[in-house]
Each structure stands twice: as C-alpha cells, then as structure tokens.
Amino acid sequence: MSKFFEDPNAIRPYEPIPDGHVSGSLLERALRAGEFAVTSELNPPDSADPEDVFEAARPLAEVTDAINATDASGANCHMSSIGICSLLTRTGHGTVYQISCRDRNRIAIQGDVLGAAAMGVRNVLCLTGDGVGAGDQPGAKPVFDLDSVSLIRLIRTMRDTGQFLSGRKITKPPRLFIGAAENPCVDPVDYRADRLAKKVEAGADFIQTNYIFDIPRFERFMERVRDMGLGKRVFILAGVGPLASAKAARWMRSNVPGLHIPDSVIERLEKAEKPGDEGRKICVELIQQIREIPGVSGVHIMAYRREHLVADILREAGIARMAKAG
Amino acid sequence: MYAFRRFAVRRSRQFEWLYQVLERVLVGLDPILSRIGYGRLERPMAFVERHVKGLMFDCRMCGQCVLSSTGMSCPMNCPKQLRNGPCGGVRPGGFCEVKPEMRCVWVEAWDGASRMKHGDKIRVVLPPVDRTLEGSSAWLRASRERIQAIQGGDDANRTALADAYPEARESAPTSAPLTAEPGKGGAS
C-alpha cells in the first residue's frame with residue numbers, strides 16, 4: 001500500500017454510500033436528514049499558494065455543509081475550481097465543484113468530472129457561465145459547447161449509466177450529488193420555475209439560487225415550484241449575501257449579470273448610518289424570511305470579501321449549530 | 001433578419017403548421033428523394049435552407065434544426081448558443097446579457113412556444129449540438145429521421161447520446177440523429 005492511502009487525511013474515492021443516496025456527499029446527507037443546510041462561496045485566490053485557499057476557507061469551514069469554489073465567475077480568472085476543491089477535500093471539507101460551460105468543451109468537462117471525483121469531490125454545480133465580455137479578458141473565445149441543462153444530464157449519465165457521452169464505458173463512475181443554479185427574481189420571471197423543472201428533469205439533485213433580495217418575487221416562484229411538484233424532487237438552497245453599501249449594491253446591479261436588487265433595499269442602505277451593519281442585518285432578515293417559505297431546504301451565502309461575517313450572520317439568523325465535523 | 005425572426009415568433013403557431021406540412025411533404029417524397037440520392041440533394045437543399053432560413057430566422061446552419069421545440073426562435077442566435085435557455089443573465093424587460101440591444105432569444109422562445117399547439121416540446125431537455133453536422137441540410141435530416149422513427153429502425157443504430165437524451169430523440173429527432181449520414185458509413 002502506498003503511503004498516500006495510509007494517510008488518514010488522504011482521499012478515499014469510493015467510500016460506502018448510504019442507502020437511497022447518490023453520493024457520499026455530506027451536503028446530501030444533511031439535506032436528506034432534513035437539516036437546514038448551509039453552503040457558502042469561497043473567494044478564490046489569485047495565487048498559486050495552497051495556504052491562500054485554506055485561509056479563504058477558514059471562516060466558512062466550521063459553519064457550512066459545503067464550500068462552493070467558483071469557476072471564473074463573472075468571467076474573471078482566478079485559481080480553478082477543481083484546484084481549490086482538491087485542496088479542500090484533503091482537509092475534509094465538503095466542496096461544491098462549479099463547472100461553467102463558458103471555458104471548456106465536453107471533452108474537457110467529462111475528464112475533469114472524473115478527476116474531481118477521484119480527488120474526493122462529491123458535489124458539482126452545473127452552470128452555463130457568464131459571457132466572456134463580463135470579465136477582465138473579454139477577448140477570450142467563448143466555448144459554450146454544452147449548456148447547464150445538457151451538462152446536468154451528461155453528468156447524470158456518467159454517474160448512473162457509467163458511460164461517457166460517446167458510449168464508452170467508465171469503469172468507476174463518479175458518485176456525485178448534482179447541483180444546478182436558478183435565478184428566480186430576474187426576467188423572464190414567469191418561466192423561471194419552468195426552467196427549474198427542466199433542470200430537475202435533466203437530473204439535478206439540488207439547486208443553489210442566485211441572490212434573493214426580493215422576497216415577494218421569490219415566494220411567487222416557490223409557489224409555482226410547489227405547484228409543479230418540484231419541491232419534493234429537488235433540494236433548494238436560496239442564495240443570499242450581505243451588501244457592503246448602497247454604492248456597491250448599485251455597482252453590482254449594473255455590472256454583475258443577472259442580479260436583481262429592489263430600490264427599497266438600496267434606499268435602506270443609503271439611509272443607514274453604518275451601511276455595512278445594515279447590509280448584514282438585511283441578510284439576516286432575508287434568511288429568516290426565506291426559512292419560513294415551504295420547499296426551501298437551506299441557504300447559499302455569497303459574501304464576496306465579507307466571508308468573515310458569515311458565521312455571525314448565521315448565528316443572528318438563528319441557525320446556530322454545532323461546528324460541522326469534516 | 002431581426003425583424004423577420006421576431007415576426008416568426010409572433011406567428012409561431014402558423015410557422016409550426018408550415019413546418020409540419022413541410023416535413024410531411026419531404027417524408028412523402030422519400031421514395032423519390034432516395035432514388036435521386038440524399039447525398040446528391042445535400043448541397044442544393046443546404047443552399048436553399050441557408051438563404052430561406054437565414055432570412056427568416058437568422059439561421060446559423062447548425063444542421064440540427066429544433067425550431068419547433070423552441071417557439072420558432074432559433075437558439076443558435078443566443079450568444080451562448082444555449083439549447084436549453086434562457087440563462088440567468090437576462091436583463092430587465094427580457095434583453096440579452098451579452099447583446100443588450102437584442103431581445104433574449106430564449107425569452108422569445110418561451111413566448112413563441114406558449115402560442116404553439118405542441119409548445120410543450122420546449123420542456124424537453126435537448127442534447128448538445130453535434131458540430132460535425134454544421135452546414136448540412138437540417139430539412140433532409142428531419143425527414144430521414146422521421147422515416148426511421150416511423151419504421152421503428154431506431155434500436156439498431158441507437159447511440160449513447162440518444163440514450164442519454166431519450167425525450168429529445170422522441171420529440172425532436174434531429175437533435176439526436178440516428179440515421180446514416182449520406183456519403184458516410186453510419187450515424188455519428
């Protein structure tokens with residue numbers, strides 16, 4: 001036996017999977033146990049130092065079921081999602097490997113899915129990806145060989161049928177908990193639940209939504225989701241995050257694709273003496289309101305450059321919990 | 001042309017009918033087309049499609065036309081070329097994330113589908129495009145695939161892609177083709 005496998009922290013690619021589960025994911029375990037799950041997004045370093053990844057993960061690790069590693073979100077280049085996930089799995093953290101269709105074709109993606117699973121990744125999030133024009137290298141070639149929905153089905157095929165899209169056999173299929181995103185509060189709001197239904201049909205096990213700042217809109221979306229019977233077929237984690245100031249919120253609204261922030265939220269930040277505290281308070285209130293909506297299984301906190309606030313936000317929102325082990 | 005393609009979406013019900021008629025005619029002509037040879041018809045038909053569909057739908061000649069599943073709004077005009085849209089970046093009012101002056105192709109698609117008789121086909125998960133079919137005739141392919149489906153010859157040539165997206169094979173056969181390409185040995 002190699003030294004690698006004697007290390008208790010080493011990767012064990014094929015641990016036994018509990019009955020009725022599709023993966024060995026801790027996030028899946030928490031969701032199926034009916035816990036209100038928490039995931040959060042890590043700010044990926046512009047660095048090749050693993051210590052920077054551990055540093056960024058530290059404020060999130062204890063209070064989340066899984067940490068999302070973004071895949072060049074907003075088309076800005078950072079350390080890759082697969083690299084970050086590989087590092088974090090070594091320390092026992094649950095990770096969500098984000099796959100965007102913008103930068104890689106089906107050949108690259110299928111290979112990376114196997115690589116990630118071998119490194120101990122148990123959750124993936126299938127995304128279409130923002131256009132290259134949104135990022136800092138707008139001259140790049142956009143790939144978009146797949147879209148998020150066809151990607152979900154592709155990974156489900158790899159997992160459940162044990163085949164590449166070509167039909168070639170995979171000797172050890174990747175045991176992954178498959179995630180997808182949805183953006184309930186942006187146009188076309190009337191069709192967002194229908195698109196979610198397609199993702200569930202394609203094979204999504206869980207959903208992480210984009211930022212929710214508009215509770216009435218989100219409630220209408222969830223009502224349709226429940227009416228379509230999707231609430232029982234997929235776990236939905238609502239996306240939230242603390243805004244730093246009115247100025248930052250306005251900037252995000254006009255520069256980050258797919259972000260809906262109602263004017264009332266921005267006004268609240270504007271009037272506040274300490275906008276940072278107000279942003280945190282708004283986030284706490286949103287979590288409390290979201291938790292009351294039937295069909296929501298957890299929250300996904302995107303606290304870009306405010307990761308240090310996540311633990312406090314959760315405590316204030318009443319999601320106090322024992323430190324998550326592993 | 002942008003104005004024409006928006007017109008097609010507004011009249012999606014009529015265009016759906018037109019496409020059904022076209023497919024039936026081509027299927028009916030199959031004995032003749034087979035005798036002439038699909039391979040020989042490929043270039044002239046692709047030429048016609050390039051110009052007719054180019055004018056009407058801003059067709060990009062993907063060779064796997066799925067207009068009847070996308071509200072008569074061509075998904076290849078989406079800058080991300082989504083086959084299952086819209087993405088999460090749609091701007092307020094239904095405009096494109098990448099080209100803000102353009103209506104989102106997929107907002108149009110869902111809108112067009114809502115007026116169609118078989119508009120529910122938009123709910124089917126479509127597979128990724130086979131890029132080797134780019135530039136070829138989608139109409140002839142649609143006709144060949146329909147005949148094969150009618151004759152029940154699907155099982156013999158079944159591909160992994162068709163197995164991974166069985167609903168798409170059922171509702172939009174060109175999206176997961178199984179028939180042999182003219183001039184080539186077997187299905188892709």
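Note that the coordinates shown come from a computational prediction; the quantities given were computed from them, not determined experimentally.

Engineer: Quick question: what am I supposed to make of the UniProt feature "domain: Methylene-tetrahydrofolate reductase C-terminal-like" (unreviewed entry) in chain B here?
Structural biologist: Sites flagged by UniProt as "domain: Methylene-tetrahydrofolate reductase C-terminal-like" (unreviewed entry) map to residues 41–130 of chain B. Secondary structure across residues 41–130 of chain B comprises 29% helix and 0% strand; the distance between its end C-alpha atoms is 21 Å.

Engineer: Which parts of the structure should I look at to understand the nonpolar core?
Structural biologist: Soluble globular proteins tend to bury their nonpolar side chains together. Within the largest apolar cluster, 100 residues are counted, with the highest numbers of intra-cluster contacts made by Leu151(A), Ile155(A), Phe218(A), Ile287(A), Ile290(A) and Ile301(A). Here Ile155(A) is in contact with Ile99(A), Val113(A), Val124(A), Cys126(A), Leu176(A) and Ile178(A), once residues within four sequence places are set aside. Counting 20 residues, the second largest nonpolar core, distinct from the first, contains Phe15(B), Phe57(B), Leu67(B) and Val129(B).

Engineer: Looking at this structure, how should I read the pairing of strand S4 (residues 123–127) of chain A?
Structural biologist: All names here are of chain A. With respect to burial, S4 is a largely interior element, 5 of its 5 residues being buried. Judged by which residues are buried, S4 turns out to be covered on both faces: Asn123, Leu125 and Leu127 on one side and Val124 and Cys126 on the other are all buried. Of the crossover connections in this fold, the one passing from strand S3 (residues 95–100) over helix H5 (residues 106–118) to the parallel S4 is right-handed. Pairing analysis gives 4 bridges linking S4 to strand S5 (residues 177–182), with the strands arranged parallel.

Engineer: I would appreciate a short explanation of unusual backbone geometry in the present structure.
Structural biologist: Note: most peptide bonds trans; most residues except glycine with negative phi. Cis peptide bonds are those with omega within 30 degrees of zero, and the linkage from Asp187(A) to Pro188(A) qualifies with -5°. Mapped onto the secondary structure, Pro188(A) falls in the loop between S5 and helix H7 (192–202). The residue after Gly85(B), namely Pro86(B), is reached through a cis peptide bond having omega 5°. Within the secondary structure, Pro86(B) sits in the loop between helix H4 (38–57) and helix H5 (105–113). Phi at Phe144(A) is positive, roughly 45°, even though this residue is not glycine. If you check the backbone angles, Arg305(A) has positive phi at about 60° while not being a glycine. Overall, the relative accessible area of 61% leaves Arg305(A) in the exposed class.

Engineer: Sorry if this is basic, but what is going on with the pairing of strand S2 (residues 66–69) of chain A here?
Structural biologist: On a regular strand, each side chain points to the face opposite its neighbour's, so the side chains alternate between the two faces of the sheet. Residues and elements named next belong to chain A. The two faces of S2 match: Ala66 and Asn68 on one face and Ile67 and Ala69 on the other face are all buried. In this fold, the crossover linking strand S1 (residues 37–42) to S2 by way of helix H3 (residues 50–61) has right-handed handedness. Note: S2 against S3, 3 bridges, orientation parallel. The residue of S3 that forms the bridge with asparagine 68 is valine 96. For the crossover that starts at S2, traverses helix H4 (residues 81–90) and ends in the parallel S3, the hand is right-handed.

Engineer: Would you explain the interface of chain A and chain B in this entry?
Structural biologist: A common measure of how large an interface is: the accessible area buried when the components associate. With 33 residues of chain A in contact, the opposing surface of chain B contributes 36 residues. Sorting the residues of chain A by area buried against chain B places Arg153(A), Tyr191(A) and Lys198(A) first, and these three jointly supply 25% of that buried surface. For the pair chain A and chain B, the interface holds 3 salt bridges. Remark: the boundary between chain A and chain B carries 19 residue pairs in polar contact (both at pLDDT 80 or more). If you tally residues by element for the side of chain A that touches chain B, the top one is H7(A), at 6 residues. For the side of chain A that touches chain B, a count of residues per class yields 12 nonpolar, 10 polar and 11 charged.

Engineer: Honestly, a nonpolar patch on the surface in this entry has me stumped. Any pointers?
Structural biologist: On the surface, Trp17(B), Leu18(B), Val21(B), Val25(B), Leu29(B), Ile32(B) and Ile36(B) cluster together to form a nonpolar patch covering roughly 600 Å² of accessible area. Counting residues per element, the nonpolar patch draws most heavily on helix H2 (residues 12–28) of chain B, at 4 residues.

Engineer: What's the story with the sheet that holds S4(A) in this structure? I'm lost.
Structural biologist: Sheet strands line up and pair through hydrogen bonds in the backbone, either parallel or antiparallel. Residues and elements named next belong to chain A. Reading around the barrel, the 8 strands line up as S1-S2-S3-S4-S5-S6-S7-S8 and close back on themselves, with parallel pairing between neighbours. For this sheet, the mean inter-axis angle between neighbouring strands, taken without regard to orientation, is 30°. Here helix H6 (residues 148–161) sits on the sheet and contacts S3, S4 and S5; the angle it forms with S4, its principal contact strand, is near 150°. The sheet contacts of helix H11 (residues 275–291) involve strand S7 (235–240) and strand S8 (296–301), and relative to S7 the element is tilted by about 160°.

Engineer: Please clarify how the pattern of salt bridges should be interpreted in this entry.
Structural biologist: Close approach of charged atoms allows side chains of opposite charge to pair. Here the structure, examined in full by the defined rule, presents 34 salt bridges over all chains. The salt bridge partner of Arg13(B) is Glu16(B), with a shortest N-O separation of 3.3 Å. Placement of the pair is Arg13(B) and Glu16(B) together in helix H2, with a separation of 3 residues, close to one helical turn. Of the residues examined, Glu16(B) reaches a relative accessible area of 3% and is grouped as buried. Through salt bridges with shared partners, one network takes in Asp194(A), Arg224(A), Asp120(B) and Arg123(B).

Cut-off values and rules
Residues numbered from 1 in each chain as written. Chains lettered and ligands numbered in written order. Predicted model: local features only at pLDDT ≥ 70, side-chain atom pairs only at ≥ 80, totals over all residues. Heavy atoms only, no water. UniProt positions renumbered as here; feature names shortened; annotations may be inferred. Helix = DSSP H or I, 4+ residues; strand = E, 2+ residues; numbered from the N terminus. Core = buried A, V, L, I, M, F, W, Y, C linked by side-chain atoms within 4.5 Å. Buried < 20%, exposed > 50% of the residue type's maximum accessible area, 1.4 Å probe, protein only. Contact = heavy atoms within 4.5 Å. Right-handed = clockwise from strand over helix to strand, strands pointing away. Pairing = 2+ DSSP bridges. Buried area = accessible area lost by both parts, 1.4 Å probe. Salt bridge = Lys/Arg side-chain N within 4 Å of Asp/Glu carboxyl O. Polar contact = N/O pair within 3.5 Å; in protein donor to acceptor, adjacent residues only side chain to side chain. Nonpolar A, V, L, I, M, F, W, Y, C, P; charged D, E, K, R; others polar. Patch = residues over 30% accessible without salt bridge, like charges linked within 9 Å, V, L, I, M, F, W, Y side chains within 5 Å. Areas by Shrake-Rupley, 256 points an atom, 1.4 Å probe, with all protein chains shown as cover. Axes fitted to C-alpha atoms, helices over the stretch in contact; angles between N-to-C directions.

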